[in-house]
Amino acid sequence: SAVISQKPSRDICQRGTSLTIQCQVDSQVTMMFWYRQQPGQSLTLIATANQGSEATYESGFVIDKFPISRPNLTFSTLTVSNMSPEDSSIYLCSVETAEDEQFFGPGTRLTVL
Amino acid sequence: AQSVTQLDSHVSVSEGTPVLLRCNYSSSYSPSLFWYVQHPNKGLQLLLKYTSAATLVKGINGFEAEFKKSETSFHLTKPSAHMSDAAEYFCVVRLVAGNNRKLIWGLGTSLAVNP
């Protein structure tokens, strides 16, 4: 298994600003993922972040809006840029272990006013 | 293309009665399948996984799921529901295409357990 922490746990932001979410895992992992979960809904994959390469974004998500860093095998950041109320959501990072299991962080609850 | 369908958006059971949460998948090859649980205001937790070994998979908290290839199903069951089982449950299929690996999520089933 893997233990994942995220910071901040929640934030309230003004439209037009940016927020950077940090994800820290307690072991080295190759693959990290960023998801969004709207209230009461399922998860939507934003991007896959592998260390040493550019993040791979899913349809509907672009690097200018959601830049991702992956500086090493235990850490990643997701920035939500130029926020609007539609970006209000829970943002989750996850990692895939050698056993092909994904473990999730506790999430960052973002509210954009 | 791979996809997963959770047949019930809401399931309500009485405490002590069996739980059945239904999931059908679509995959062009032998899939890896998972069930996750999300309790209110808590993180996602892996309940169990199927990865082409035994077709009956036992997970945590007394849950189990049976992979049925002929029916393309992976239903989640528990013999006796507990109040603490009330949560959102997600059926997930793992997509592998070259170096691209990602999870395809069902829309979720909300389980209510009545006293």
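This text follows the structure it describes.
Basis of the calculations
Residues numbered from 1 in each chain as written. Chains lettered and ligands numbered in written order. Predicted model: local features only at pLDDT ≥ 70, side-chain atom pairs only at ≥ 80, totals over all residues. Heavy atoms only, no water. Helix = DSSP H or I, 4+ residues; strand = E, 2+ residues; numbered from the N terminus. Rg over C-alpha atoms; globule rule 2.2 N^0.38 Å. Buried < 20%, exposed > 50% of the residue type's maximum accessible area, 1.4 Å probe, protein only. Disulfide = S-S within 2.5 Å. Core = buried A, V, L, I, M, F, W, Y, C linked by side-chain atoms within 4.5 Å. Pairing = 2+ DSSP bridges. Axes fitted to C-alpha atoms, helices over the stretch in contact; angles between N-to-C directions.

### A short note on the overall build of chain A
- When you go through chain A residue by residue, the secondary structure sums to zero helices and eleven strands.
- The globule rule puts the C-alpha radius of gyration for 113 residues at 13 Å, and the 13 Å found for chain A is close to it.
- C-alpha extents for chain A along the principal axes are approximately 40 × 25 × 20 Å.
- By the burial criterion, 51% of the 113 residues in chain A qualify as buried.

### A few points about the state of the cysteines
Residue and element names in this part refer to chain A.
- By the definition in use, this model includes two disulfides over all chains.
- Paired by a disulfide, C23 and C93 hold their sulfur atoms 1.9 Å apart. Handedness here is read from the sign of the S-S torsion; for C23 and C93, about 70°, the answer is right-handed. On the criterion of sequence distance, the pair formed by C23 in strand β3 (residues 19–25) and C93 in strand β9 (residues 89–96) is long-range, its members being 70 residues apart.
- Of the cysteine sulfurs around C13, a residue in no disulfide, the closest is that of C93, at 17 Å.
- For C13, a relative accessible area of 8% translates into the label buried.

### Comments concerning unusual backbone geometry
- Omega for the bond connecting K7 of chain A with P8 of chain A falls within 30 degrees of zero, at -10°, which places this linkage in the cis form.
- For P8 of chain A, the position within the fold is in the loop between β1 (4–7) and β2 (10–13).
- Phi at N61 of chain B takes a positive value of approximately 60°, unusual for a residue other than glycine.
- By secondary structure assignment, the location of N61 of chain B is in the loop between β7 (56–58) and β8 (64–68).
- Of the residues examined, N61 of chain B reaches a relative accessible area of 47% and is grouped as partly exposed.

### Some details on the nonpolar core
- Among the nonpolar cores identified, the biggest contains 27 residues, and W34, I46, F66, I68, Y91 and L110 of chain A are the most heavily contacted of them.
- Of all the secondary-structure elements, those providing two or more residues to this core are β3, β4 (31–37), β5 (43–50), β8 (75–80), β9 and β11 (108–112) of chain A.
- Counting residues per element, this core draws most heavily on β3 of chain A, at four residues.
- The next biggest cluster of nonpolar side chains, apart from the first, holds 26 residues, and it includes V4, V19, F74 and Y89 of chain B.

### Regarding the sheet that holds strand β7 (residues 68–72) of chain A
Residue and element names in this part refer to chain A.
- Read across the sheet, four strands follow the order β1-β3-β8-β7 without closing on themselves; strand pairing throughout is antiparallel. Edge positions in the sheet fall to β1 and β7, since each of these pairs with one other strand and no more. Along the sheet, successive strands turn relative to each other by an average axial angle of 15°, direction set aside.
- In the sheet, β7 pairs with β8 via three bridges, with the strands oriented antiparallel. Across the sheet, I68 pairs through a bridge with L78, a residue of β8.

### Section: the environment of L103 of chain B
- With respect to the helices, strands and loops of the structure, L103 of chain B is situated in strand β11 (residues 100–105).
- The sequence separation of L103 of chain B and A87 of chain B amounts to 16 residues, and the corresponding C-alpha distance is 20 Å.

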